[in-house]
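# Close look at the chain arrangement
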Amino acid sequence: MKAIGIIHDEHRSLAAVLYGMLYLLREIRLRGEQPDFDLLDSMVHYIDAFSERFHHPKEDAYLFKFLSMRYPDARPLVDRLETEHRAGRKKIRALERMFVRYQQRGPMEFNAAAKAVQAFAAFHWDHMRTEEDRLLPLARIHLTADDWKLIDAALIGETDPSFGVEAGAEYAAMFRRIVNLAPRPIGVAPAR
Ligand SMILES: [Fe+2]
Ligand SMILES: [Fe+2]
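Residues numbered from 1 in each chain as written. Chains lettered and ligands numbered in written order. Predicted model: local features only at pLDDT ≥ 70, side-chain atom pairs only at ≥ 80, totals over all residues. Heavy atoms only, no water.

### Looking at the coordination of the iron ion (ligand 1)
We count it as follows: Note: metal donors comprise N, O and S atoms at 2.8 Å or less from the metal (3.2 Å for Na, K and Ca); water molecules are not included, so apparent gaps in a site are possible. Any coordination sphere not matching a tetrahedral pattern (four donors, all angles between 85 and 135 degrees) or a square planar or octahedral pattern (four or six donors, opposite donors over 155 degrees apart, other angles between 65 and 115) is reported as irregular. Runs of H or I in DSSP of at least four residues are treated as helices and runs of E of at least two as strands, each being numbered from the N terminus. Summary of the burial criterion: residues with accessible area below 20% of their type's maximum are buried, those above 50% are exposed, and those between are partly exposed, where the area comes from a 1.4 Å probe applied to protein chains only.
The iron ion (ligand 1) binds to the protein through Glu-59 (OE), His-85 (NE2), His-127 (NE2) and Glu-131 (OE); the donor distances cover 1.9 to 2.2 Å. In this structure, the iron ion (ligand 1) is surrounded by four donor atoms whose angles at the metal cover 83 to 174°, and the resulting shape is irregular. One chain supplies every donor for the iron ion (ligand 1), spaced along it as E-x25-H-x41-H-x3-E. Here the iron ion (ligand 1) and the iron ion (ligand 2) are spaced 3.1 Å apart, linked through Glu-59, which binds each one. Note that His-85 is positioned in helix H3 (residues 75-105) and Glu-131 in helix H4 (residues 110-142), a separation of 46 residues in sequence. An identical accessibility class is assigned to His-85 and Glu-131; each is buried.

### Description of the pattern of salt bridges
So the rule is basically this: Salt-bridge detection follows one rule: a side-chain nitrogen of Lys or Arg within 4 Å of a carboxyl oxygen of Asp or Glu.
Using the criterion set out here, one finds 13 salt bridges in the structure. As a salt-bridge pair, Arg-80 and Glu-84 come within 2.9 Å of each other at their nearest N and O atoms. Of this pair, Arg-80 and Glu-84 are both found in helix H3, four residues apart, which corresponds to roughly one turn of the helix. Across the pair Arg-80 and Asp-126 runs a salt bridge, and its minimum N-O distance is 3.2 Å. Placement of Arg-80 in helix H3 and of Asp-126 in helix H4 is noted, with a sequence separation of 46 residues between them. Its relative accessible area of 29% is what places Arg-80 among the partly exposed residues. Residues joined in a network through salt bridges with shared partners are Asp-48, Arg-93 and Glu-96.

### Some points on the coordination of the iron ion (ligand 2)
On the protein side, the iron ion (ligand 2) has His-11 (NE2), His-55 (NE2), Glu-59 (OE) and Glu-131 (OE) as donor atoms, found 1.9 to 2.2 Å from it. If you look at the iron ion (ligand 2), its four donor atoms make angles of 80 to 171° with each other, and the shape they trace is irregular. Within one chain, the residues donating to the iron ion (ligand 2) are spaced in sequence as H-x43-H-x3-E-x71-E. Residue His-11 is classed as buried on the basis of its relative accessible area of 3%.

### As for unusual backbone geometry
Of the consecutive residues Arg-184 and Pro-185, the connecting peptide bond is found in the cis state with omega at 5°. Take Pro-185: it is sitting in the segment after helix H6 (165-181).

### Observations regarding the side chain of Glu-52
Heads up, the rule is: In protein, a polar contact requires one atom able to donate a hydrogen and another able to accept it; more generally it is a pair of N or O atoms within 3.5 Å, and residues adjacent in sequence count only if both atoms are side-chain atoms. We call two residues contacting when some pair of their heavy atoms lies within 4.5 Å.
With respect to the helices and strands, Glu-52 occurs in helix H2 (residues 37-70). What makes Glu-52 buried here is its relative accessible area of 14%. A polar atom in the side chain of Glu-52 sits 3.4 Å from the side chain of Arg-89. Other than its neighbours up to four places away in sequence, Glu-52 contacts Ile-47, Pro-57, His-85, Gly-88 and Arg-89.

Here it is in structure tokens:
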């Protein structure tokens, strides 16, 4: 079940960037720091690309599909999570628009931006927690050994290059860029 480890790792990467965003906004609030829009945009872009093009499609095409097939009672849960994947796309567009407004109009938009980031992070955490606490345990029970073989082969990129090492490297590079741009303690750039 390499797939389960892969999903957990990807959740940790997403969570790290969500925490990073919250941290940056807190520093602006507490220390009056200037927002680093280059960094905030990189974070939004990473979450958008990584979750929309890489992480959610794997869940939809493999875990959700197989669980619905093997255990139809899980369908309401799968429906909910799929609906959240679609909602996530709209939420990220709204967050991008929020940051553009914040950049154009300045501090008067700070509270709205901070609230939007908090709601966005809470949405993703709840979604990931539901997958880890409810969906993955059901998948462990109800999927067959052959299902796992097929899913693992896809998620390590053997049979599905769009999910493989090369595709993953693109997102790892984006993640590194964020770490390089972000000030300590969330990244490695000197504190501003
Ligand atoms: Fe998901
Ligand atoms: Fe997920």
